[in-house]
Amino acid sequence: MAGGEISFRKVCKRYGAVEALADFSLEIGAGEFMTFLGPSGSGKSTALNALAGFSDVTEGDILIDGKSVLDLPPEKRNVGMVFQGYSLFPHMTVAENVAFPLKLRRFGRAEIARKVEEALDMVQLGDLAGRMPNELSGGQRQRVAFARAVVFEPPVLLMDEPLGALDLKLRQSMQVEIKKYHAQLGCTIVFVTHDQGEALALSDRIAVLSDGRIAQVDTASRIYDFPRTRYVAEFIGRTNILTLLRDADGKVRITAPGAAGQGADTGIVSLRPEKLVRLECDRADMISSTATVDDVLFLGDLVHYTATLSGGVTVKFQEHRGPGADVLRPAQTVQLGFLAEDALPISDA
């Protein structure tokens with residue numbers, strides 16, 4: 001199965017005065033796993049529905065393999081679709097559900113049987129071909145939906161919040177399965193989610209959306225390590241948004257963004273909690289401050305802390321629990337510090 005190239009060209013979608021997509025332009029490579037990430041109302045599902053043909057666009061164009069698909073109905077766009085709610089036919093068996101798109105495309109009976117068997121074997125459900133959807137677990141139903149979406153070997157597979165209805169362990173298990181299927185199939189996947197952890201785990205690239213526009217698009221690691229704006233930094237993972245002030249003597253102090261203070265304002269920065277570390281004593285190579293622990297969130301091998309610095313700024317930091325490592329307590333005082341290069345300058349957008 002070869003992946004298809006996708007091109008959004010200055011796509012706009014308006015509902016009256018509301019602009020759901022605005023100047024949306026994006027190139028997605030053949031075989032790429034692209035995730036649209038953003039909160040509710042950011043435009044991610046609108047963009048996916050426009051690509052699938054479920055929603056018309058007001059302006060712009062959408063191409064698959066260099067050809068515009070705007071005039072084609074959904075069934076003619078040759079894309080597979082996996083929904084959050086599975087959308088299986090309750091009166092059909094597992095095999096009949098998977099066979100449905102092949103019958104629509106008028107495949108022969110023998111070829112349908114072969115392709116259904118191959119698709120169910122791929123998702124390890126071959127022995128459940130005769131079951132009804134209500135006899136399956138949530139994870140099994142999602143795998144049936146996946147098999148149905150890829151059985152006709154579409155070059156593009158669209159997935160709209162497909163794991164949202166699953167519990168945490170099953171969701172994590174399905175993430176591993178989806179990555180495996182993507183490597184096996186080679187199709188282009190466009191995945192929609194509001195879960196930043198899910199996006200980081202699965203994606204080749206992530207497009208972070210805000211108010212119908214792309215705030216940033218990059219690889220998962222670069223989106224996390226080098227967010228360009230406050231919006232992206234706060235949406236992707238946990239972070240501290242700080243302002244650094246440099247005194248006349250060169251000493252750097254930490255304040256909250258917008259807080260009054262004496263010194264040269266170096267602008268706002270994003271500092272990930274893992275970059276803020278506990279110190280035994282002041283270090284000349286680090287920007288440091290005393291802090292009082294406010295809250296402790298124990299997660300087994302990882303502990304998340306909230307603390308207040310001596311200047312009144314609240315920060316988040318985290319520590320891995322090594323052998324014999326102590327867990328800090330609320331009201332305990334510690335020294336925290338970070339390297340200047342770990343504080344990433346960002347725009348306040």
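Quick look at the structure, then. Each residue is numbered by its place in its chain's sequence as written, counting from 1. Reporting of local features is limited, given that this is a predicted model, to residues whose pLDDT is at least 70; pairs of side-chain atoms are given and counted only at 80 or more, and all residues count toward the totals for whole chains, interfaces and linings. Only hydrogens and water are set aside when side-chain values are computed; all heavy atoms of the structure are taken into account.

1. Structural notes on the overall build of the protein chain
Turning to step 1, where the next piece is worked out: Each helix and strand counted, the protein chain has eight helices and 19 strands in total.
Turning to step 2, where the next piece is worked out: With the principal axes as the frame, the protein chain shows a C-alpha extent of 80 × 50 × 30 Å.
Turning to step 3, where the next piece is worked out: Considering only contacts within the protein chain whose residues lie at least 6 apart along the sequence, 65% involve residues at least 24 apart.
Turning to step 4, where the next piece is worked out: With an accessible surface of roughly 16700 Å², the protein chain has 50% of that area assigned to carbon and sulfur atoms.
Turning to step 5, where the next piece is worked out: Averaged over its 38 positive side-chain charges, the protein chain has a centre that lies 4 Å from the centre of its 45 negative ones. Only runs of H or I of at least four residues qualify as helices and only runs of E of at least two qualify as strands under DSSP, and these elements are numbered from the N terminus. Two residues form a contact once any of their heavy atoms are found within 4.5 Å. For the area figures, the Shrake-Rupley method with a 1.4 Å probe applies, and any residue is considered shielded solely by the protein chains shown. Think of it this way: Lys and Arg go in the positive column, Asp and Glu in the negative one, and His and the chain ends go nowhere. In plain terms, the charge of a residue is placed at NZ if it is Lys, CZ if Arg, CG if Asp and CD if Glu.

2. Observations concerning the nonpolar core
Turning to step 1, where the next piece is worked out: Nonpolar cores were defined as sets of buried Ala, Val, Leu, Ile, Met, Phe, Trp, Tyr and Cys residues, with membership established by side-chain atoms within 4.5 Å. Buried, partly exposed and exposed residues are distinguished by accessible area as a fraction of the type maximum, computed with a 1.4 Å probe on protein chains only: under 20%, between the cut-offs, and over 50%, respectively. One finds Val98, Leu120, Val123, Phe146, Leu157 and Met159 to be the most contacted residues of the largest nonpolar core, which totals 37 residues.
Turning to step 2, where the next piece is worked out: Of all the secondary-structure elements, those providing two or more residues to this core are helix H2 (94–104), helix H3 (109–122), helix H4 (138–150), strand S7 (156–160), helix H5 (168–185) and strand S8 (188–193).
Turning to step 3, where the next piece is worked out: Looking at this core element by element, the count peaks at six residues for H4.
Turning to step 4, where the next piece is worked out: Among residues more than four places away in sequence, those in contact with Met159 are Leu48, Val82, Phe146, Ile178, Ile189, Val190, Phe191 and Val192.
Turning to step 5, where the next piece is worked out: Judged by nonpolar contacts, the second largest core, of 26 residues, contains Ile6, Ile28, Leu48 and Leu51.

3. Description of the sheet that holds strand S16 (residues 302–309)
Turning to step 1, where the next piece is worked out: Two strands qualify as a pair provided that DSSP identifies no fewer than 2 bridges between them. A sheet is described by the order of its strands in space; here five strands give the open sequence S14-S18-S15-S16-S17, paired in antiparallel fashion. Unpaired on one side and paired on the other, strand S14 (277–279) and strand S17 (314–320) mark the two borders of the sheet. Taken pair by pair, the neighbouring strands of this sheet meet at an average axis angle of 50°, ignoring direction.
Turning to step 2, where the next piece is worked out: Taken together, the seven bridges between S16 and S17 define a ladder with antiparallel strand orientation. The axes are straight lines fitted to the C-alpha atoms, using for helices just the contacting stretch, and the angles between their N-to-C directions are given from 0 to 180°.

4. Describing unusual backbone geometry
Turning to step 1, where the next piece is worked out: Positive phi, close to 55°, is recorded for Asp65, a residue that is not glycine.
Turning to step 2, where the next piece is worked out: Structurally, Asp65 can be placed in the loop between strand S4 (59–64) and strand S5 (67–68).
Turning to step 3, where the next piece is worked out: Accessibility expressed as a relative area gives 44% for Asp65, which makes it partly exposed.
Turning to step 4, where the next piece is worked out: Positioned with a positive phi, Arg106 is a non-glycine residue whose angle comes to about 60°.
Turning to step 5, where the next piece is worked out: If you trace the backbone, Arg106 turns up in the loop between H2 and H3.
Turning to step 6, where the next piece is worked out: For Arg106, a relative accessible area of 77% puts it in the exposed group.

5. Considerations on H2
Turning to step 1, where the next piece is worked out: Listed as buried for H2 are Val94, Asn97, Val98, Ala99, Pro101 and Leu102.
Turning to step 2, where the next piece is worked out: Those residues of H2 hidden inside the fold are in contact with H3 and H4.
Turning to step 3, where the next piece is worked out: Arg106, located one to two residues past H2, shows a positive phi value of around 60°.

6. With respect to the packing of aromatic side chains
Turning to step 1, where the next piece is worked out: Any two of the Phe, Tyr and Trp rings considered here, Trp counted by its six-membered ring, make a pair once their centres fall within 6.5 Å; the pair's planes then place it as stacked at under 30 degrees, edge-to-face at over 60, or tilted in between. Tallied over the full model, the rule gives nine aromatic pairs.
Turning to step 2, where the next piece is worked out: Between Phe146 and Tyr181, the ring centres sit 4.7 Å apart and the planes meet at 35°, which makes this aromatic pair tilted. With Phe146 in helix H4 and Tyr181 in helix H5, this residue pair connects regions lying 35 residues apart in the sequence.
Turning to step 3, where the next piece is worked out: Residue classification places Tyr181 among the buried residues on the basis of a relative accessible area of 0%.
Turning to step 4, where the next piece is worked out: Among the aromatic residues, those joined into a cluster by ring pairs are Phe8, Phe24 and Phe36.
Turning to step 5, where the next piece is worked out: In this analysis the charged atom, NZ for Lys or CZ for Arg, is taken to sit over a ring once it is within 6 Å of the ring centre and within 35 degrees of the ring normal. One residue, Arg105, lies across the ring of Phe152, its end atom 3.8 Å from the ring centre.
Turning to step 6, where the next piece is worked out: It is Arg272 that lies over the ring of Tyr224; its NZ or CZ is 4.1 Å from the centre.

7. Notes on the environment of Gln216
Turning to step 1, where the next piece is worked out: The topology assignment puts Gln216 in strand S10 (residues 213–219).
Turning to step 2, where the next piece is worked out: For the pair Gln216 and Ala284, spaced 68 residues apart in sequence, the C-alpha to C-alpha distance is 35 Å.
Turning to step 3, where the next piece is worked out: Setting aside anything within four residues of it in sequence, one finds Gln216 in contact with Ile206, Ala207, Val208, Arg222, Ile223, Phe226, Pro227, Arg228 and Val232.
Turning to step 4, where the next piece is worked out: At a separation of 3.2 Å, a polar atom in the side chain of Gln216 contacts the main-chain carbonyl oxygen of Phe226.
Turning to step 5, where the next piece is worked out: The term polar contact refers here to a pair of N or O atoms within 3.5 Å; inside protein, the definition further demands a hydrogen-donor-capable atom paired with an acceptor-capable atom, and it admits residues adjacent in sequence only when both atoms are side-chain atoms. Separated by 2.8 Å, the side chain of Gln216 and the backbone nitrogen of Arg228 make a polar contact.

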